[in-house]
Protein chains: 2
Amino acid sequence: MAETQGATVDRVRLAPFGDALGFLLRLAQIDSFERFFADLGHLDLRPGELTVIVLLEGNPGVRQGVLAEALKIKRAHMAKMVRALGEAGLIRREVPEDDRRAVELYLTEAGATLARRLRPAVTAHEARTPATLTPAETATLKRLLRKYLALTDPEGTTP
Amino acid sequence: MAETQGATVDRVRLAPFGDALGFLLRLAQIDSFERFFADLGHLDLRPGELTVIVLLEGNPGVRQGVLAEALKIKRAHMAKMVRALGEAGLIRREVPEDDRRAVELYLTEAGATLARRLRPAVTAHEARTPATLTPAETATLKRLLRKYLALTDPEGTTP
DNA sequence: CCATATTTGTTTCCTAGTAAACAAAATGCG
DNA sequence: CGCATTTTGTTTACTAGGAAACAAATATGG
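Residues numbered from 1 in each chain as written. Chains lettered and ligands numbered in written order. Predicted model: local features only at pLDDT ≥ 70, side-chain atom pairs only at ≥ 80, totals over all residues. Heavy atoms only, no water.

K.L.:
Before we go on, may I ask you to explain the interface of chain A and chain B in this structure?
P.N.:
When the parts of a complex come together, some accessible area is lost, and that lost area is often taken as the interface size. The interface is formed by 67 residues belonging to chain A together with 67 residues belonging to chain B. Taking both sides of the interface into account, the surface hidden between chain A and chain B amounts to around 6700 Å²; carbon and sulfur atoms contribute 64%. Applying the counting rule to chain A against chain B returns four salt bridges. Residue Lys 147 of chain B pairs with Glu 137 of chain A through a salt bridge whose shortest N-O separation is 2.7 Å. Of all elements in the fold, only α1 (6–9), α2 (21–40), α3 (47–58), β1 (62–63), α4 (64–71), α6 (109–127) and α7 (135–148) of chain A reach the threshold of two or more residues within the side of chain A that touches chain B. Broken down by element, the side of chain A that touches chain B gets its largest block of residues, 13 residues, from α2 of chain A. Split by residue class, the side of chain A that touches chain B holds 35 nonpolar, 14 polar and 18 charged. (Contact = heavy atoms within 4.5 Å. Buried area = accessible area lost by both parts, 1.4 Å probe. Salt bridge = Lys/Arg side-chain N within 4 Å of Asp/Glu carboxyl O. Helix = DSSP H or I, 4+ residues; strand = E, 2+ residues; numbered from the N terminus. Nonpolar A, V, L, I, M, F, W, Y, C, P; charged D, E, K, R; others polar.)

Right, here's the structure in full:
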């Protein structure tokens, strides 16, 4: 038995958090993260880095601050990922002529090769509906999350 | 202007992540976290600690491992919170006679006083529907999240 | 044109949480 | 009983990410 206290856990009264939206969202994100790893963990790349690599394929030359904002992570954190990906030889930083504060990001050859390898796995993962929801329910869930977030656009673009 | 590149952000092509469930969940959790802080930030207590204090009011003597499992955090992390809350004089650790590995948690007087002060704020926060969703939509969203998570029980108890 | 303010990215320190190795207690099986 | 296994909690080292202070470059208002 993995959990001696399995029976006891059932009796923790989670009120007033058990049905809170924030709590459900946290659990759902943990679960979704596990799904992500189950499908893509074999690629042994961190989720954030995988995201940047794949997005750079469709957005060559994007400024790292813009990418950070689109992904809702802070510039400070993006700077660290950019450094790591640069040291790994997967991306190239380029300072544009017209604004020498900025940094534009491009995939290196190695990065582009990796991106081509990642894309089908990512696409397959996205297409897979969670086992506990029907496709219609998944669509409704996504629609409500977008509405909650005041996003209107189901395409691959930021709001 | 806070964001010079605001216009540029709109043109980051987020495909294939822009409509991914995992991405939407991440954004939603960030938003929900901000809502939590907007309502409860003035209590200057960390969210995790607030959760433990309020839950201990309804679950006196719960074992810390059981509480960790119910909240889906690891025991290692719960151990740190327990130590911090103990040092702050808010909870008391008690080793039961019949199992001297275990630790049962109780609120101290100071902890109970704090819990009484927190409870109405938490209740009010939970009752508040997000501005972008109708109450019916919020209910549907929660129901779908519970189904996604394979939880059946909308009460304040773990599944 | 020049001083001031803002933007961009980086660094440093911090928080939340995980993973792995561990010790002590309890359980189980010969 | 006695030894191996499991459970419970802790410690240490790590990852993801944020906050604040900073420097360089650019924009702006006089």
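K.L.:
How do you make sense of the packing of α2 of chain A against helix α7 (residues 135–148) of chain B when you look at a structure like this?
P.N.:
Any two packed helices are characterised by how steeply their axes cross, that is the angle between the axes, and by the distance between the axes. Orientation of α2 of chain A relative to α7 of chain B, taken along the N-to-C sense of each, is 40°, at an axis distance of 10 Å. Between α2 of chain A and α7 of chain B lies a crossing of left-handed hand. Counting all contacts with α2 of chain A, which are made through Leu 21, Leu 24, Leu 25, Ala 28, Asp 31, Ser 32 and Arg 35 of chain A, the residues of α7 of chain B involved are Leu 141, Lys 142, Leu 145, Arg 146 and Tyr 148 of chain B. Grouping the amino acids of the contact of α2 of chain A with α7 of chain B by side-chain chemistry returns seven nonpolar, one polar and four charged. (Axes fitted to C-alpha atoms, helices over the stretch in contact; angles between N-to-C directions. Left-handed = near helix turned anticlockwise from the far one by under 90°.)

K.L.:
It is not clear to me how the relation of the copies chain A and chain B should be interpreted in this structure. Could you clarify?
P.N.:
A rotation about an axis combined with a shift along that same axis relates the two copies of the chain. Superposition record for chain A on chain B: RMSD 0.0 Å, screw rotation 180°, translation along axis 0.0 Å. Put plainly, the chains are arranged around a two-fold axis. In this assembly the copies share their binding face: 100% of the residues contributing to the interface of chain A also contribute to that of chain B. (Least-squares fit on C-alpha atoms with pLDDT ≥ 70 in both.)

K.L.:
Please explain the sheet that holds strand β2 (residues 91–94) of chain A as it appears in this structure.
P.N.:
One key point about sheets: their strands pair by backbone hydrogen bonds, in either a parallel or an antiparallel sense. Residues and elements named next belong to chain A. Read from one edge of the open sheet, three strands run β1-β3-β2, paired in antiparallel fashion. On the outer flanks of this sheet lie β1 and β2, each paired with one strand and no other. As paired strands, β2 and strand β3 (residues 104–107) are joined by four bridges and run antiparallel to one another. For Arg 92, the partnering residue across the bridge sits in β3 and is Tyr 106. Sitting on the sheet, α3 is in contact with β1, β2 and β3, with an inclination near 95° to β3. (Pairing = 2+ DSSP bridges.)

K.L.:
Explanation requested: the pattern of salt bridges in the structure shown.
P.N.:
Pairs can form between side chains of opposite charge whenever their charged atoms are close. For the structure on display, the rule yields 16 salt bridges over all chains. The salt bridge involving Arg 119 of chain A is made with Glu 57 of chain A; its shortest N-O contact spans 2.8 Å. Here Glu 57 of chain A lies in helix α3 and Arg 119 of chain A lies in helix α6, a separation of 62 residues in the sequence. In this structure, Asp 19 of chain B and Arg 146 of chain A form a salt bridge, with 2.3 Å as the shortest nitrogen-oxygen distance. Taken together, the residues span two chains, with Asp 19 of chain B in the loop between α1 (6–9) and α2 (21–40) and Arg 146 of chain A in helix α7.

K.L.:
Help me out: how do you make sense of the environment of Leu 90 of chain B in this one?
P.N.:
Residue and element names in this part refer to chain B. Positionally, Leu 90 belongs in the loop between α5 (75–87) and β2 (91–94). Classification of Leu 90 as buried rests on a relative accessible area of 12%. A sequence separation of 17 residues divides Leu 90 from Leu 107, and the C-alpha atoms of the two residues are 6.0 Å apart. Beyond its immediate chain neighbours, meaning those up to four positions away, Leu 90 contacts Ile 53, Leu 85, Tyr 106, Leu 107, Thr 108, Ala 110, Gly 111 and Leu 114. (Buried < 20%, exposed > 50% of the residue type's maximum accessible area, 1.4 Å probe, protein only.)

K.L.:
Help me understand helix α3 (residues 47–58) of chain B in this model?
P.N.:
Residues lying three or four places apart along an α-helix face the same way, a consequence of the helix completing one turn every 3.6 residues. Residue and element names in this part refer to chain B. Over its twelve residues, α3 extends 17 Å from the first C-alpha to the last, a length consistent with the 16 Å expected when each residue adds 1.5 Å. Extensive coverage of α3 is indicated by the burial of nine of its twelve residues. Along α3, the residues that are buried comprise Pro 47, Glu 49, Leu 50, Thr 51, Val 52, Ile 53, Val 54, Leu 55 and Leu 56. (Expected span 1.5 Å × (residues − 1).)

K.L.:
I tried to follow the nonpolar core on my own but got confused; where do I start?
P.N.:
Within the largest apolar cluster, 98 residues are counted, with the highest numbers of intra-cluster contacts made by Leu 50 and Leu 67 of chain A together with Leu 67 of chain B. Contact partners of Leu 67 of chain B, with chain neighbours within four places excluded, come to Val 12 of chain A together with Val 52, Leu 55, Leu 56, Val 62, Met 78 and Leu 105 of chain B. (Core = buried A, V, L, I, M, F, W, Y, C linked by side-chain atoms within 4.5 Å.)

K.L.:
Before we go on, may I ask you to explain the sheet that holds strand β3 (residues 104–107) of chain B in this structure?
P.N.:
Residues and elements named next belong to chain B. Pairing in this open sheet of three strands is antiparallel, and the strands run β1-β3-β2 from one edge to the other. Taken across any chain shown, the strands that pair with only one partner, and hence form the sheet edges, are β1 (62–63) and β2. The pairing of β1 with β3 spans two bridges and is classified as antiparallel. Opposite Arg 63, over in β3, you have Glu 104 as the bridge partner.

K.L.:
Just to check I follow, could you spell out the packing of aromatic side chains for this structure?
P.N.:
The geometry of two aromatic rings is summed up by the distance between their centres and the angle between their planes. Residues and elements named next belong to chain A. In the structure shown here, the tally under the stated rule is four aromatic pairs over all chains. Between Phe 33 and Phe 37, the ring centres sit 5.3 Å apart and the planes meet at 80°, which makes this aromatic pair edge-to-face. Taken together, the positions of Phe 33 and Phe 37, both in helix α2 and four residues apart, correspond to about one turn of that helix. For Phe 37, a relative accessible area of 38% gives the class partly exposed. Between Phe 36 and Phe 37, the aromatic rings sit 6.5 Å apart at their centres with planes inclined by 80°, giving edge-to-face as the arrangement. A network of ring pairs unites the aromatic residues Phe 33, Phe 36 and Phe 37 as a single cluster. (Phe/Tyr/Trp six-rings, centres within 6.5 Å; stacked < 30°, edge-to-face > 60°.)

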